[in-house]
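# Commentary on secondary and tertiary structure
The lines below spell out each chain.
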Amino acid sequence: MDSQTILILAQDGLTNGAIYVLLSVALILVFGVTRVVLIPQGEFVSYGALTLASMQLGAMPGTVWLLLIMAGIAAIMETYRLLSSGAGRELPRVLAMTLVPPVAIAALVKICIPMHLALGWQVLLAILIVTPLGPLVYRVAFRPLADASVLVLLIAAVATHFVLVGLGLLFFGAEGVRTPPFSDAQLTFGTLTVSGQSLWVYATSFVFISFLAWFFSRTLYGKALRAVAFNRNGARLVGISPHLAGTVTFAFAAAIGCLSGVLIGPITTLYYDSGFLIGLKGFVGAIVGGMASYPLAAAGAFMVGFLESFSSFWLSGYKDVIVFTIIIPILLWRSLSSIHYEEEE
Amino acid sequence: MIRRIGLALFLALLAILPLCSSFYITLGSYIGLYSMVALGLVLLTGVAGLTSFGQAAFMGVAAYTTAILTIQFGWSPWLTLLIALVLTMAIASILGAITLRMGGHYLPLATIAWGISLYFLFGTVPALGGSTGISDIGALQLFGMELRDERVFYYLIWGVCLSALWVTINLLDSREGRAIRALKGGTSMVEAFGASGHRLKNIVFVYSAVLACLAGWLYAHMQRFVNPSPFGLNQGIEFLFMITIGGPFSVWGAIAGATVITLLKTVLQGILPKLIHQTGNFEIIVFGVMIVAVLQWMRGGIWSLVERLLPPKPNQPINDSSDLSMRDQPLRGTVLLRVDGVTKAYGGLVAVKKMSFELSAGEIVGLIGPNGAGKSTMFNLISGEVPRTAGSIYLGSENISGLRPSQIARRGLSRTFQHVRLIPGMTTIENVMIGAYLRTHDGIFTAGLRLNQTREARVRAEAAKQLRRVGLEDSMFLPAGSLSLGKQRIVEIARALCGDPLLLLLDEPAAGLRHLEKKELANLLAELRGQGLSVLIVEHDMDFLMNLVDRIVVMEFGEKLAEGLPREIRSNPAVLEAYLGGV
Amino acid sequence: MTERLLTVRDLNVRYGKVEAVYRASLDVDRGTIVSVIGPNGAGKSTLLNALMGVLASRGTVEFCGSDMARLTVERRVSQGLCLVPETRELFAQMSVEDNLELGAFTRYRRGDKGIRQSLSEVFALFPRLEQRRTQFAGSLSGGERQMLALGRALMSQPTLLMLDEPSLGLAPLIVKEILHAISDLRSTGVSILLIEQNARAALQISDYGYVLENGEIALEGPSSDLANNPRIIESYLGIGGGEEAS
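Residues numbered from 1 in each chain as written. Chains lettered and ligands numbered in written order. Predicted model: local features only at pLDDT ≥ 70, side-chain atom pairs only at ≥ 80, totals over all residues. Heavy atoms only, no water.

### Some details on the sheet that holds strand 9 (residues 398-399) of chain B
What links the strands of a sheet is backbone hydrogen bonding, and the strands pair in either a parallel or an antiparallel sense. Residue and element names in this part refer to chain B. What counts, and what does not: Strands were regarded as paired on the criterion that DSSP finds at least two bridges between them. Helix numbering and strand numbering both begin at the N terminus, where a helix is a DSSP run of H or I of at least 4 residues and a strand a DSSP run of E of at least 2. Only heavy atoms matter for contacts: two residues are in contact if any of them lie within 4.5 Å across the pair. Only the stretch in contact is used when fitting a helix axis, every axis being a line fitted to C-alpha atoms; angles between N-to-C directions are given from 0 to 180 degrees.
One open sheet holds the four strands; their spatial order is 6-5-8-9, and the pairing between them is antiparallel. Each edge of the open sheet is held by one strand with a lone partner, namely strand 6 (349-360) and strand 9. Two elements, strand 8 (residues 390-395) and strand 9, share two bridges in a ladder whose sense is antiparallel. Across the sheet, residue Leu395 finds its bridge partner in strand 9, namely Glu398. Relative to the sheet, helix 14 (residues 375-383) contacts strand 5 (335-346), strand 6 and strand 8, its axis offset from that of strand 5 by approximately 120 degrees.

As structure tokens, then:
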């Protein structure tokens, strides 16, 4: 293997790693705040790319229908909850908050699709469609289970993953898509050629991570989310609603997933179920970070990216075997190095 | 009676099913195989509070092992079964050893990862046939007869499945089984009675893997063909769905769930694609929605509905005498517990500082102090739950500092918990039987095959004896969770007594009790002392202790403030100051 | 006539089958300190947790004239109710200043501009917190943690502050400091519902007292009366009755 190949593989690893970093950060965030192991994270990735691809073809993306259906279910659940707890007065306000944004987004998409907007606008639209799916998934599947054990939440997460994959197939079909790159440029540095899309991935990932770092350390809402992750009971006592925190976190997760989808859409062909494996690679990173440490998780995510690109060169068929088997030594290392504590449920 | 009739009907249905068409026989065989796997998951998930997505992968290990070894090397399937079992147990032990010490979500995540990598491995390695798989696997031979007929195979599968069910039921109703059922509430209770929580979790995980292995091996010889897809992650997830739908807390939930999901899948795979005009596994949408709904509305699954209709199980008979061997109690007045300069620091915070005191055989000593004085830490240092920073603790002549709670329990220390730790769904007597964990030694093999019955009867008699001793024989067969707090506290004492202790450690036994209950508790403890028992009570309530204990040790800010007879303590100015607070 | 702030009637709290608080009724007037004393396990903490909405309960809870019974914990916080639990529930991995800021979370959501001002007021009340403002809450000593818990509660500008065992596990000097701070709060218009195992101290700084035994209110009266009640003296202000009799 010559240095040229190494550079190319390293570049691939870095690109994929940057995506996995985004995903692993979202997974840790969701786990910390809601204790949900977000197995369906990957579906947001698929949905992002597939939504964008539909719009490219001038079709109404299936995710818009999903958005409306989920909003309808959430509205029914809210109505039931409010009426049975005797808080019917709040019903109009809550229903408006649940239904108006999804309907407005659907209308906006309907208007925009025939206009064949520039790629940037379509990406924004895709994010606008997929992001509210996060809070809706939280509302419908997880919020009623807020007091359940991690185990029950995990089973619910897997069930949600099944539903979203099935719906992905229903709405988008089994065809794979490749979305257009943000940039066709090929930059040459000496012997190294870097694609414009890779640069977009690095830059977006960097900007987004910086934004998250700023949000969590500098804004009170960000601190409030961290507070919920550290001490749920204490957070309630200062008036931070765990449901609000869950809603916001799931919105972040969906947005990050969608963004990842549109970023790698031009690099690999994505199918309705491809997101799952991509999301799980984010998990490998998150596990390196013990589902708690962001910097360690980021390091883990890059490791996964590099491992993947280099193993695809040597042992292409065994790429996924290697990436997922690495979790065993990682867990061994964690179990030997971390302080064990009993989880009393 | 209704239970018996139900069981008979179920067996009759199983027996006559092969009279139907070949389609139903195959379906029935699949349900039998899946029930086996689900059975292991019930034990793992519903009973022990762990879970795995890798059960299909364990099936795959067995199926591929037997496929390769019978075809390429011509070995007998019975030999490959043995090899598959050994391989499965090895893999499960390793996975368990790595993940089970950490938080509860690491095992499922690890099994997801290993399930995926194994699936890709099956599909990639040329020797394993790639994604096309391996065909022409030999038929099983039993007593010189080839099992090629699907009806015969159906009976074989259900024979194995029902045996597994029987073994699992026996196991749950045994010494190890009771400890396993206690795991969900955290491991510290079972550790206090000498069991190792980590070992029990490993046993359960390996056991569930073994059931999956059996199913995989049968699968390979039923299909006579293997390919990767039935052993993928999705199948692993479906097993979990089976027990969630069927009922994760009962072995029968496994069969109910396997039946419902398998039938539903068959029906939906027929209907849905026609309905949607598209091909694909759309049944997963329905399953997913069902699971979320069941988790939100009916966590006990289908079987919890059936259970409600059934009459309670009959009580097991109780022998008159227990005949369990007992320890020699030390001579009254000899030093039984000696705490010598014990310190516990959490970082810079010193919770207990150079504590020293003694307890002699046959006396009740009270350890008191205001809230936050370090009493509970001192208690946990003696029971071994918290490791000390410095100093030593002796039980009899043996230094027990540095030992684990289970090792200390083995040396004759029994305890109760401040926040009652009974298993609410288990009967009172079953709860008390956990206390006798160390007094018999049946492992899972003798328990599973019901070879443990004489010892079980002894333990049951012993538990009944202790319940009579504390005056709760009337509540013996009630679920422990239905008793009042006062009675639950006393059940905890009976459970501790069931361990035949040298020393009984009570953690705030009077907290939350009503006046009359406190009086009864005090009378009981005085009576036990009369029978020669030694007791150390950590308590906040001075009134409760004053007329009960022989001596009092007072703690404040982690240190010993005073020690002496109750009369002396009552008039000790330093103690008065500590309790009244100088403002 | 004084204004009634909190009215509780026939409050019941159950843990499974056990009635932890039974038909408790109590009142708190604006600008007063009310204490609840009683033995360990009598249901004192349960009572406060139920009032805060952390535990489900049955009965009437009226605060500032409106019914609170159905509100979530967060709603009760934004209505001016605040609980400092026995376990403090600080954010150990966050700085002292972040902890305090988060105390004002509901005010921030309302767009309140006075949060900085409140922060300096809390620092003025507990200068030690200002010295430690960038330190993690988890690294503080027991007394400082209690100060931080109190400070964080004050940041929400509560109308009624509920304190569960504020002197728990603290050295006598610190207890003194904390109790002084609590009795000073009355002059700033905050009303306080106080639970203390240190019954003498509680009765000294409070205006009115309730005695909770086995989940029921056994006795009530102005604190000075309770402090002189022979039954109270025997049960809570002395150890047993022994030495008084002899």
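Next comes the rest of the write-up.
### A few points about the pairing of strand 2 (residues 192-195) of chain A
Residue and element names in this part refer to chain A. Operational definition: For every residue, the accessible area (1.4 Å probe, protein chains only) is compared with the maximum for its type, and the residue is labelled buried under 20%, exposed over 50%, or partly exposed between those bounds.
In strand 2, alternate side chains face the same way, and those of Leu192 and Val194 are buried while those of Thr193 and Ser195 on the opposite face are not. In this structure, strand 1 (residues 186-189) lies alongside strand 2, joined through four bridges in antiparallel fashion. Across the sheet, Phe189 pairs through a bridge with Leu192, a residue of strand 2. Hairpin connection of strand 1 to strand 2: two residues between the antiparallel strands, including Gly190 at a positive phi of 60 degrees.

### Quick notes on the sheet that holds strand 3 (residues 33-37) of chain C
Residues and elements named next belong to chain C. In spatial order, the strands read 6-7-8-3-9-10; together these six strands make up an open sheet with mixed pairing. Every interior strand has two partners, whereas the edge strands, strand 6 (81-84) and strand 10 (216-222), have only one. Across the sheet, the axes of successive neighbouring strands diverge by a mean angle of 15 degrees, strand direction being ignored. Alignment of strand 6 against strand 7 (residues 160-164), held across four bridges, turns out to be parallel. In the strand pairing of strand 7, Leu83 is matched with Met162.

### Regarding the interface of chain B and chain A
Heads up, the rule is: We define buried area as the total accessible area lost by two parts upon association, computed with a 1.4 Å probe and summed across both. The salt bridge definition used is simple: a Lys or Arg side-chain nitrogen within 4 Å of an Asp or Glu carboxyl oxygen. Classification used: nonpolar for Ala, Val, Leu, Ile, Met, Phe, Trp, Tyr, Cys and Pro, charged for Asp, Glu, Lys and Arg, polar for all others including Gly.
With 55 residues of chain B in contact, the opposing surface of chain A contributes 53 residues. Between chain B and chain A lies a buried interface of about 4,200 Å² when both sides are counted; carbon and sulfur atoms form 77% of it. Seen at the junction of chain B and chain A, the total is zero salt bridges. Elements with a minimum of two residues in the side of chain B that touches chain A: helix 4 (77-99), helix 5 (106-124), helix 10 (233-246) and helix 12 (283-297) of chain B. The element best represented in the side of chain B that touches chain A is helix 5 of chain B, accounting for 11 residues. Each residue belonging to the side of chain B that touches chain A can be placed in one class, and the counts come to 29 nonpolar, 20 polar and six charged.

### Some thoughts on the environment of B:Gly499
All names here are of chain B. Looking at where Gly499 falls in the secondary structure, it is placed in the loop between helix 19 (485-497) and strand 11 (503-507). On a C-alpha basis, the gap between Gly499 and Pro509 in space is 18 Å, while along the polypeptide they are 10 residues apart. Once residues within four sequence positions are removed from consideration, Gly499 is found in contact with Arg327, Ser414, Gly435 and Arg439.

### A closer look at the interface of chain A and chain C
What counts is decided by this rule: Within 3.5 Å is the distance limit for a polar contact, defined as a pair of N or O atoms, with the added protein rule that one can donate a hydrogen and the other accept it, and that residues adjacent in sequence qualify only through two side-chain atoms.
Each partner contributes residues to the interface: chain A has 23 residues there, and chain C has 24 residues. In total, chain A and chain C occlude about 2,200 Å² of area from one another, counting both sides; carbon and sulfur atoms represent 63% of this. For chain A, the biggest contributors to the area lost against chain C are A:Leu220, A:Leu237 and A:Val238; these three give 32% of the whole. One can count four salt bridges joining chain A with chain C. Residue A:Glu90 pairs with C:Arg75 through a salt bridge whose shortest N-O separation is 3.4 Å. There are seven residue pairs in polar contact (both at pLDDT 80 or more) connecting chain A and chain C. At seven residues, the largest contribution of residues to the side of chain A that touches chain C is made by helix 9 (residues 220-230) of chain A. Each residue belonging to the side of chain A that touches chain C can be placed in one class, and the counts come to 11 nonpolar, seven polar and five charged.

### Some points on the nonpolar core
Counted only if it meets this: The definition of a nonpolar core used throughout is a set of buried Ala, Val, Leu, Ile, Met, Phe, Trp, Tyr and Cys residues joined through side-chain atoms within 4.5 Å.
With 239 residues, the main nonpolar core has A:Ile39, A:Phe142, A:Ile240, B:Met36, B:Val226 and B:Phe241 as its most contacted residues. If near-sequence neighbours (up to four positions away) are discounted, B:Phe241 is found in contact with A:Ile155, A:Val158, A:Ala159, A:Phe162, B:Ile261, B:Phe287, B:Gly288 and B:Ile291.

### Digging into a nonpolar patch on the surface
Counted only if it meets this: Like-charged residues within 9 Å of one another, or nonpolar side chains (Val, Leu, Ile, Met, Phe, Trp, Tyr) within 5 Å, are grouped into patches, provided each residue has over 30% relative accessible area and no salt bridge. In this description, accessible areas are obtained by the Shrake-Rupley approach with a 1.4 Å probe, and a residue is regarded as covered only by the protein chains that are shown.
On the surface, a cluster of nonpolar side chains totalling about 420 Å² of accessible area is made up of B:Phe73, B:Trp75, B:Leu79 and B:Leu82. Tracing the chain through its elements places B:Leu82 in helix 4.

### Observations concerning the pattern of salt bridges
Under the criterion given, the structure shown has 46 salt bridges over all chains. The partner of A:Arg139 in a salt bridge is A:Glu78, and the shortest N-O contact between them spans 2.4 Å. A residue pair is termed long-range when its members are at least 10 positions apart, and A:Arg139 in helix 6 (residues 133-142) and A:Glu78 in helix 3 (residues 62-84) qualify at 61 residues. Accessibility assignment for this pair places A:Arg139 and A:Glu78 in one class, buried. Two residues, B:Arg178 and B:Glu456, come together in a salt bridge whose shortest N-O distance is 3.0 Å. Placement of the pair is B:Arg178 in helix 7 (residues 175-181) and B:Glu456 in helix 18 (residues 453-469), with a sequence separation of 278 residues. Overall, the relative accessible area of 2% leaves B:Arg178 in the buried class.

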